[in-house]
Amino acid sequence: MASPGSLITPRSMAAIQSANEMDALVVHFPSQSSPPAPCAISTVGGKGFQLLRMCSVRGVEVPPGFALTTHFFEPWFAKLSSSLEWAEMMLAAAASDGSPASGELLRSRCGACQKQCESLTLSESGRQALMTSLTKLPVQRQIRLAVRSSSPEEDMAGLSFAGGYETLLGVP
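All residue numbers here refer to positions counted from 1 along the written sequence of the relevant chain. Only residues with pLDDT of at least 70 get local features here, since the model is predicted, and only at 80 or more are side-chain atom pairs given and counted; chain-wide, interface and lining totals rely on the full set of residues. Each side-chain value is worked out from all heavy atoms of the structure, with water and hydrogens disregarded.

1. A short note on the packing of aromatic side chains
Which entries qualify depends on this criterion: Ring geometry is summarised as follows: Phe, Tyr and Trp rings, the Trp one being its six-membered ring, pair when their centres sit within 6.5 Å, and such pairs are stacked at plane angles under 30 degrees, edge-to-face over 60 and tilted between the two. Working definition: with a 1.4 Å probe on protein chains only, accessible area under 20% of the residue-type maximum means buried, over 50% means exposed, and in between means partly exposed.
Taken as a whole and judged by the stated rule, the model has four aromatic pairs. Taking 5.0 Å as the distance between ring centres and 70 degrees as the angle between the ring planes, the aromatic pair formed by F72 and F73 counts as edge-to-face. Judged by its relative accessible area of 6%, F72 falls in the buried class.

2. Quick word on the nonpolar core
Going by this rule: In plain words, nonpolar cores are sets of buried Ala, Val, Leu, Ile, Met, Phe, Trp, Tyr and Cys residues tied together by side-chain atoms within 4.5 Å.
Counting residues in hydrophobic clusters, the biggest one holds seven residues: V27, F29, V44, L52, C55, V62 and A67. Counting residues in hydrophobic clusters, the runner-up holds six residues, among them L25, V26, F66 and L137.

3. So, the packing of helix α4 (residues 84-95) against helix α5 (residues 100-117)
Put simply, the rule reads: Note on geometry: axes are C-alpha line fits, over the in-contact stretch for helices, and angles between N-to-C directions span 0 to 180 degrees. Secondary structure is summarised from DSSP: a helix means a run of H or I of at least four residues, a strand means a run of E of at least two, and numbering begins at the N terminus for each. Orientation labels follow simple angle bins: below 35 degrees gives roughly parallel, above 145 gives roughly antiparallel, 65 to 115 gives roughly perpendicular, and whatever is left gives oblique. Crossings are assigned a handedness: left-handed for a near helix turned anticlockwise from the far helix by less than a right angle, right-handed for a clockwise turn. Throughout, a contact is declared for two residues whenever any of their heavy atoms are within 4.5 Å.
Interaxial distance between α4 and α5 falls to 9 Å at its minimum, and their mutual angle equals 155 degrees. Judged on the interaxial angle alone, α5 and α4 are roughly antiparallel. Handedness of the crossing formed by α4 with α5: left-handed. Residues E85, W86, E88, M89, A92 and A93 of α4 touch α5, and the partners they reach there are L105, L106, R109, C110, A112, C113 and Q116.

Geometric values such as these leave the question of function open.
So, in structure tokens, the structure goes:
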């Protein structure tokens, strides 16, 4: 009889690692009959965290969905935070004195960072995790999604970023 360790082949190990990586990139909103996956607000942001909490409340219906975790965005953040645009934005933020001129400089540098974000692309594992998650949604004729941005730093005890994030409704 084979030992349990000998049943794991390089191919099955790669599949396990891929599944674990996908789990780290996405958290699915479970059905009412299954408990929410344990996660922290620092992993899924404020909106995702509250949706997952609501899944365990009897009588509250949460539509099926998923949250992309902070791990999903790590490659983007690594690339952005090493860019010239990021360095210039951070310098402008540090030098800001509240004057209109420093505010305009900071807005300009933030705009350059935003433009840099538009050129970021999905990694293969990110693309695969997103496509797999989309296929797990209930099939409807023409499914439309609500896409919400969030952050681990939104809605903290001492400050709120209400209105600072985006919601897109009816995304095909």
